[in-house]
Amino acid sequence: MKKIITLTINNQSHEIAVEPNITLADMLRYELALTGTKKGCDTGDCGACTVIMDGDVVNSCLVLAIQTNGSVIETIEGLSTDKGLHPLQDAFVEKGAIQCGFCTPGVIMSAKNLLDKNPNPSEQEIREGISGNLCRCTGYQKIFEAIESQRS
């Protein structure tokens, strides 16, 4: 039986009826067409589905949509504006931190959350901040350089 939840996603209010067993990742992708959130492992290991929920990063494949009632969610789609990409997204492009792109939305959301909480993280803090995100293409150095370039 579906339950109606209300939440804010990328600064827009939503009221949506969800099944009790649907995940946040599936709701974002299949109910709201926010396909930037990727589904990789479905077990919380890869970080491709990372979003920011109430100010903290979460693996959206591990959160039931029903648990998000009243929450504020940020996805990769919410970062760019009509003026262009978010500075962190620009940095990923400029530093060559994107290859296949599958992990990129989750990594960027983890990096954004880190920089929102700590605008000048150390090298170790950056590495820890993205430690929940796996990338098979870049070797992480370019990703690290992109994030490091956004420190204040």
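Before any of the text, the structure's been laid out above.
First things first, this report covers the structure right here in the doc. Note that this is a predicted model, so its numbers are computed, not measured.

### Here's the deal with the overall build of the protein chain
Moving on, step 1. When its secondary structure is counted, the protein chain shows five helices and five strands.
Moving on, step 2. Counting from the amino terminus, helix and strand elements in the protein chain follow one another as β-β-α-β-β-β-α-α-α-α.
Moving on, step 3. Over its C-alpha trace the protein chain gives a radius of gyration of 15 Å, about what one expects of a compact globule, namely 15 Å for 152 residues.
Moving on, step 4. Counting only C-alpha atoms, the protein chain reaches 45 × 30 × 25 Å along its principal axes.

### Regarding the pattern of salt bridges
Moving on, step 1. Tallied over the full model, the rule gives seven salt bridges.
Moving on, step 2. In this structure, the salt-bridge partner of Lys117 is Asp56, at a minimum N-O distance of 2.4 Å. Taken together, the residues span a long stretch of sequence, with Lys117 in helix α3 (residues 104–117) and Asp56 in strand β4 (residues 56–59) at a distance of 61 residues.
Moving on, step 3. Overall, the relative accessible area of 52% leaves Lys117 in the exposed class.

### Overview of α3
Moving on, step 1. If you check α3, its first and last C-alpha atoms are 20 Å apart, about what 14 residues at 1.5 Å a residue would give, namely 20 Å.
Moving on, step 2. In terms of residue burial, α3 counts as a mostly covered element, since 12 of its 14 residues are buried.
Moving on, step 3. For α3, the set of buried residues is Thr104, Pro105, Gly106, Val107, Ile108, Met109, Ser110, Ala111, Lys112, Asn113, Leu114 and Leu115.
Moving on, step 4. Those residues of α3 that are buried lie in contact with β3 (50–53), β4, β5 (72–74), α2 (87–94), α4 (123–129) and α5 (141–148).

### Details of helix α1 (residues 24–31)
Moving on, step 1. For α1, the buried fraction is high: six of the eight residues fall into the buried class.
Moving on, step 2. Taken together, the buried positions of α1 are Leu24, Ala25, Asp26, Met27, Leu28 and Arg29.
Moving on, step 3. Along its buried surface, α1 packs onto β1 (3–9), β2 (12–18), β3 and β5.
Moving on, step 4. Ala33 occupies a position one or two residues after α1 and carries a positive phi of about 60°.

### A short note on the sheet that holds β2
Moving on, step 1. Taken together, five strands build an open sheet; the order of strands is β2-β1-β5-β3-β4 and the sheet is mixed. Both outer strands of the open sheet, β2 and β4, are each paired with one neighbouring strand and no more. Averaged over all neighbouring strand pairs, the angle between strand axes comes to 40°, with direction disregarded.
Moving on, step 2. Where β1 lies against β5, two bridges are found, and the strand directions are parallel. Following the sheet pairing, Ile9 is matched in β5 by Ile73.
Moving on, step 3. Sitting on the sheet, α3 touches β3, β4 and β5, and the angle it makes with β3 is about 35°.

The rules behind these values
Residues numbered from 1 in each chain as written. Predicted model: local features only at pLDDT ≥ 70, side-chain atom pairs only at ≥ 80, totals over all residues. Heavy atoms only, no water. Helix = DSSP H or I, 4+ residues; strand = E, 2+ residues; numbered from the N terminus. Rg over C-alpha atoms; globule rule 2.2 N^0.38 Å. Salt bridge = Lys/Arg side-chain N within 4 Å of Asp/Glu carboxyl O. Buried < 20%, exposed > 50% of the residue type's maximum accessible area, 1.4 Å probe, protein only. Expected span 1.5 Å × (residues − 1). Contact = heavy atoms within 4.5 Å. Pairing = 2+ DSSP bridges. Axes fitted to C-alpha atoms, helices over the stretch in contact; angles between N-to-C directions.

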